[in-house]
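If you want the building blocks of each chain, they are given just below.
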Amino acid sequence: MTSELLAPEQLWLRRIATTSGVLAVLLTAAVAAAGESAAVPGLGAGTWYPPWDAALGLGSALVTGLLVVACLLGAVTVGLGLLALNRGAYPSPRTVVVAALGAVIVLTAVPPLGSADHLSYAAYGRIAAAGEDPYVVDPLQWRHGTDPVAGAIQPPWQHTRSVYGPVATAAQAAVAWLGQGSLRATIWFWQLLAGSAFLAAGFTLDRLTRHDARARGRAAVLWTLNPLLLGQLVLGGHLDVIAVAAAVGALALAARRPLLAGVLLGVAVGSKVTFAVFGLAILWGLRDCPRPVLLRRAGFGLLGALLVLVPAHLWSGPHTYDQLRQASRMVSLATPWRPLVDQLAPVFGGVVRTVVGPLALVLALVLALVLVRRLRLIGTGVGADPDGGRVTASAATAAVLLSAAWLLTTPYGLPWYEAMVWGPLALMAGGAAGAAWLDLAMLTRLTILALAYIPGRVVGMSADVERFTLGFRREMAPWLMLAVLVAVVAWALRAPALGRSPR
């Protein structure tokens, strides 16, 4: 829709959203470009190739302030973008492509920001590329801690073995091999992979919604031009973006190319095992197919997944999930579970953490049953052709339901984990009678978590900054997250009772 056809209110909303989005991306990129700080792990001496930084040594208070402003601007961008869509102002597809490419190019030219996870990825990949087992080897002790890549791993993960799936480890090994022992080059190759995956997910969402300008604009606002996701997934360089891109591709191809959909699902699950919920979502999408068609599609999908997962696990070995079993007892500071654990653990000991995981899973299932009352009434923005579109639409709805239920109840939550729901959420139909409340809830969650984990590292902060940031993460964020959960449950329970869904 051209600017000449927009009313003044529509123009105002679009301009404010655009300005805040650009500022959010540029502010985070500027903090990264300034070099090592409380938010940016150092990558050693500069090189002629990216990622580039100016080694300015910004103080932790300034870094934290800039990132808080950028985070709030990002939330405003998404909120106003959705409001503009509801007022009939849709972004130009050409503008979306140019803006997304520009943002990814900028964010992959500077060092990753917000955590030191990318250094862990590089360490595990370096160990695997050398023919050793990152699920067994202590990364900091490997080669006596002298390796320029593995030795750069940061606290608190210096002695933590890999917790990621075999496909993720294979990708990490590939970029480590390309990096040839250079930390900066290894990280840059990983950033390029993360940026490409983000764009691939955006392209898939755009293709699925291209029949409708509003649905297409929604996919752009919630994913492709979302500054919060760009900051967490592209600039943060987090593995989750690869899993989301593969999972969204599996949703798109579930009916027409079930074998390829299975391969992509195998990539997602082999990266992070929690993405198995997308397999359940696809089965739900196929449920109304004639039995022979359902069995054929499900069978080819399973075969495709096995073609990835079986050789990947044979390669990674028997210790692939050793660390994952230990990690399942972890409870992060910003979730509603943490105050409960802190109160009960001194009385009942380690059994509290053992019980929390299964209890959270039960609550996730209950929440999924509650959410189905609403989500089966909302629909999606995917074209409802007689076959492929119907399956993808139904599977996307189930993916939102399962992902949201898991994220809202999990004991261990980080801002980049939220990407799991944002891909399928971008396919939901918006508007007052649709997913507007769920949009607001998930945007609020993402904003709270992003704020809670600023600046991102456990080192490099002044005492005042550490007191302020840790205070928000420990004392305020859990209760805000609980409020979001209660609001979502209340919203879902207000839905009318459902009979059998139409075929």
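Note that the structure is a prediction, hence the values are computed from the model and not measured. (Residues numbered from 1 in each chain as written. Predicted model: local features only at pLDDT ≥ 70, side-chain atom pairs only at ≥ 80, totals over all residues. Heavy atoms only, no water.)

## Describing helix α8 (residues 227-235)
Phase 1: For α8, the buried fraction is high: 9 of the 9 residues fall into the buried class.
Phase 2: Two or three places before Leu228, at the start of α8, stands the capping residue Asn226, its side-chain oxygen 2.9 Å from that residue's backbone nitrogen. (Buried < 20%, exposed > 50% of the residue type's maximum accessible area, 1.4 Å probe, protein only. Helix = DSSP H or I, 4+ residues; strand = E, 2+ residues; numbered from the N terminus. Polar contact = N/O pair within 3.5 Å; in protein donor to acceptor, adjacent residues only side chain to side chain.)

## Considerations on the environment of Val106
Phase 1: Relative to the elements of secondary structure, Val106 occurs in helix α3 (residues 93-107).
Phase 2: The class of Val106 is partly exposed, set by a relative accessible area of 35%.
Phase 3: For the pair Val106 and Glu9, spaced 97 residues apart in sequence, the C-alpha to C-alpha distance is 31 Å.

## Here we look at the side chain of Thr392
Phase 1: Along the polypeptide, Thr392 turns up in helix α16 (residues 388-409).
Phase 2: Taking relative accessible area as the criterion, Thr392 reaches 2% and is therefore assigned buried.
Phase 3: In this structure Thr392 touches Leu208, Leu251, Ala252 and Val382, once residues within four positions along its chain are discounted. (Contact = heavy atoms within 4.5 Å.)

## Regarding the nonpolar core
Phase 1: Of all hydrophobic cores here, the largest spans 117 residues; its most connected members are Phe198, Trp223, Phe278, Leu371 and Trp422.
Phase 2: The element contributing the most residues to this core is α16, with 12 residues.
Phase 3: Those residues in contact with Trp422 that sit more than four places away from it in its chain are Leu222, Trp223, Asn226, Leu229, Met442, Leu443 and Leu446.
Phase 4: Core analysis: the second largest hydrophobic core is formed by 8 residues, Leu43, Ala116, Ala122 and Val149 among them. (Core = buried A, V, L, I, M, F, W, Y, C linked by side-chain atoms within 4.5 Å.)

## Points about the side chain of Asp117
Phase 1: Its place among the elements puts Asp117 in helix α4 (residues 117-129).
Phase 2: For the buried Asp117, no salt bridge exists, and the shortest N-O distance to an oppositely charged side chain is 7.6 Å, to Lys272.
Phase 3: Beyond its immediate stretch of four places on either side in the chain, Asp117 contacts Trp157, Tyr164, His238 and Trp416. (Lys, Arg positive; Asp, Glu negative; His and termini not counted. Salt bridge = Lys/Arg side-chain N within 4 Å of Asp/Glu carboxyl O.)

## Focus: helix α10 (residues 258-271)
Phase 1: An ideal rise of 1.5 Å per residue puts 20 Å on 14 residues; α10 measures up with 20 Å between its terminal C-alpha atoms.
Phase 2: Every buried residue of α10 is accounted for by Pro258, Ala261, Gly262, Leu265, Gly266, Ala268, Val269, Gly270 and Ser271.
Phase 3: Summarising the contacts, the buried residues of α10 are in contact with α5 (166-179), α9 (240-253), α11 (277-285) and α12 (291-316). (Expected span 1.5 Å × (residues − 1).)

## What about the pattern of salt bridges?
Phase 1: Using the criterion set out here, one finds 11 salt bridges in the structure.
Phase 2: As a salt-bridge pair, Arg143 and Asp147 come within 3.4 Å of each other at their nearest N and O atoms.
Phase 3: With a relative accessible area of 41%, Arg143 lands in the partly exposed category.
Phase 4: With a relative accessible area of 6%, Asp147 lands in the buried category.
Phase 5: The shortest N-O distance in the salt bridge between Asp206 and Arg207 comes to 2.9 Å.
Phase 6: Here the residues in one salt-bridge network are Arg126, Arg143 and Asp147, joined through shared partners.

## Focus: the packing of aromatic side chains
Phase 1: Evaluation of the coordinates by the stated rule reveals 9 aromatic pairs.
Phase 2: Arranged with centres 6.3 Å apart and planes meeting at 55°, the rings of Tyr124 and Tyr164 form a pair that is tilted. Of the two residues, Tyr124 is situated in helix α4 and Tyr164 in the loop between α4 and α5; the sequence distance between them amounts to 40 residues.
Phase 3: Note on Tyr164: relative accessible area 14%, which makes it buried. (Phe/Tyr/Trp six-rings, centres within 6.5 Å; stacked < 30°, edge-to-face > 60°.)

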